[in-house]
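As a plain string of letters, each chain reads:
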Amino acid sequence: MTHVDPARKQSEKSEKALYGGTSSRRITVRDIAAAKERAEKWPMLTAYDAMTASVFDQAGIPVLLVGDSMGNCHLGYETTVPVTMDEMALLSAAVVRGTRRALIVGDLPFGSYQEGPVQALRNATRLVKDAGVGAVKLEGGERSAHQIELLVQSGIPVMAHIGLTPQSVNAFGGYPVQGRGEEAAQQLLRDAKAVQDAGAFAVVLELVPAGLAAEVTRSLHIATVGIGAGPDCDGQVLVWTDMAGLTDGRVPRFVKQYAQLRQGLGDAARSFAEDVVGGAYPAEEHSFH
């Protein structure tokens, strides 16, 4: 019988960990699958530019999503619907350039895959070839299964997204919790199974009752990523501007703010302005002779 050194086993486990791991290579979808087998929980944040992405990458965040949430919190749109492929490709490339270790997932925006699998493949290929992302994300369960299947068969890893799908805000009439009631819960389970069968390596569950999200997580062999879906998902994702307290006004109930950057940046801007107006900046130490 072969003896396994506990210290070596622990070291190997530490190296492989998605968050806190010592490996410096890019995270891949195989690492996500292995984390599911280890029952390891992991964090994911959005990112839309190289500088912010580099901060999160250096902080050890293993997966960064270049989400179409850029529409709301980066580009000034009211919803995610107006986001274009040009905008997504430009910002995805910036995030890739700003990182070394994180798996970068690029969103397919509204209108870039709904026509069918061929359209989805064309636009997903652009994000992979031109922007350099390691995977793409698209919304929809059973209705998007054919798109997911063709992308995966073509060598493009796919993260699915079910529950509340923000690109369908006009159909939903807002952002209601999904999966409440027996019929809705069964549909969500069917959607989860459909994207798994189509080959997705993970699925985002947004605004789903915690008990239902736990049931989905137990029933799938692929990773689940929760956002407003309770504590039992394999991963958790937040929009970074919500997480860091940069978002103005109310934030969703599921958001926990870990900083107050909006207040801090405002204070810094006011201090700078007061120094300029009062003649305190630039001082001698900031000047050349």
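Remember, predicted model here, so these are calculated numbers, not experimental data. (Residues numbered from 1 in each chain as written. Predicted model: local features only at pLDDT ≥ 70, side-chain atom pairs only at ≥ 80, totals over all residues. Heavy atoms only, no water.)

## As for the pattern of salt bridges
Throughout the structure, instances matching the rule amount to 8 salt bridges. Close ionic contact of D86 with R126 constitutes a salt bridge, the shortest N to O distance being 2.7 Å. Taken together, the positions of D86 in helix α5 (residues 85–97) and R126 in helix α6 (residues 117–131) put the pair 40 residues apart, joining distant regions of the chain. R126 gets classed as partly exposed once you look at its relative accessible area, which sits at 27%. Residue K137 pairs with D107 through a salt bridge whose shortest N-O separation is 2.9 Å. Here D107 lies in strand β3 (residues 103–107) and K137 lies in strand β4 (residues 135–139), a separation of 30 residues in the sequence. For the pair K137 and D107, one class covers both residues: buried. (Salt bridge = Lys/Arg side-chain N within 4 Å of Asp/Glu carboxyl O. Helix = DSSP H or I, 4+ residues; strand = E, 2+ residues; numbered from the N terminus. Buried < 20%, exposed > 50% of the residue type's maximum accessible area, 1.4 Å probe, protein only.)

## A short note on the side chain of D107
Accessibility expressed as a relative area gives 2% for D107, which makes it buried. For D107, the side chain forms a polar contact with the main-chain nitrogen of D68, separated by 2.7 Å. Non-local contacts of D107, meaning those with residues more than four positions away in its chain, are made with L65, V66, G67, D68, M88, L127 and K137. (Polar contact = N/O pair within 3.5 Å; in protein donor to acceptor, adjacent residues only side chain to side chain. Contact = heavy atoms within 4.5 Å.)

## Some thoughts on the side chain of H161
By secondary structure assignment, the location of H161 is in strand β5 (residues 158–163). By relative accessible area, which is 5% here, H161 ends up buried. Among the polar contacts made by the side chain of H161, one reaches the side chain of K137 at a distance of 2.8 Å.

## So, the pairing of strand β8 (residues 235–238)
Bridge analysis of strand β1 (residues 42–46) against β8 gives 4 bridges, and the strand direction is parallel. Directly across from P43, in β8, lies its bridge partner Q236. In terms of strand pairing, strand β7 (residues 223–227) meets β8 through 2 bridges, oriented parallel. The residue bridging G226 from the neighbouring strand is Q236, located in β8. (Pairing = 2+ DSSP bridges.)

## Description of the nonpolar core
Core analysis: the biggest nonpolar cluster contains 58 residues, and L64, L108, V136, L151 and L205 have the highest contact counts within it. Top element by residues in this core is α5. It accounts for 7 residues. The contacts of L151, once residues within four sequence positions are left out, are L108, A120, L121, A124, V136, L138, I156 and V158. I27, V63, M159 and V237 belong to the second-largest nonpolar core, a separate cluster that totals 19 residues. (Core = buried A, V, L, I, M, F, W, Y, C linked by side-chain atoms within 4.5 Å.)

## Quick notes on α5
With 13 residues, α5 should reach 18 Å at 1.5 Å per residue; the first-to-last C-alpha distance of 18 Å fits that figure. Along α5, 10 of the 13 residues are buried, which leaves the element largely enclosed by surrounding structure. Within the span of α5, buried status applies to M85, E87, M88, A89, L91, S92, A93, A94, V95 and V96. (Expected span 1.5 Å × (residues − 1).)

## Let's talk about the environment of L212
In this structure, L212 sits in helix α10 (residues 210–219). For the pair formed by L212 and A59, sequence separation is 153 residues and the distance between their alpha carbons is 31 Å. If sequence neighbours within four positions are ignored, L212 has contacts with G179, A185, L188 and L189.

## Topic: the sheet that holds β8
In space, the 8 strands of this closed barrel follow the order β1-β2-β3-β4-β5-β6-β7-β8, with parallel pairing throughout. Recorded for the sheet is a direction-independent mean angle of 25° between the axes of neighbouring strands. Pairing analysis gives 3 bridges linking β1 to strand β2 (residues 63–66), with the strands arranged parallel. Following the sheet pairing, L45 is matched in β2 by L64. Sitting on the sheet, α5 touches β2 and β3, and the angle it makes with β2 is about 155°. (Axes fitted to C-alpha atoms, helices over the stretch in contact; angles between N-to-C directions.)

## A closer look at the pairing of β7
Across the 5 residues of β7, 5 count as buried, placing the element largely inside the fold. Burial along β7 is two-sided: A223, V225 and I227 and T224 and G226, pointing in opposite directions, are all buried. Remark: the strand β6 (residues 202–206)/α10/β7 crossover connection has right-handed handedness. (Right-handed = clockwise from strand over helix to strand, strands pointing away.)

## Things to note about the packing of aromatic side chains
In the structure shown here, the tally under the stated rule is 2 aromatic pairs. When the centroid spacing of 6.0 Å and the interplanar angle of 65° are considered together, the rings of F272 and Y281 count as edge-to-face. The exposure class of Y281 is partly exposed, given its relative accessible area of 38%. (Phe/Tyr/Trp six-rings, centres within 6.5 Å; stacked < 30°, edge-to-face > 60°.)

## Some details on the packing of α5 against α6
Contact pair α5 / α6: the axes reach a minimum separation of 9 Å and the direction vectors enclose 35°. For α5 against α6, the interelement crossing comes out right-handed. The segment α5 lies against α6, with M85, D86, M88, A89, S92, A93 and V96 engaging N123, R126, L127, D130 and A131. For the contact of α5 with α6, the class distribution of residues is 7 nonpolar, 2 polar and 3 charged. (Left-handed = near helix turned anticlockwise from the far one by under 90°. Nonpolar A, V, L, I, M, F, W, Y, C, P; charged D, E, K, R; others polar.)

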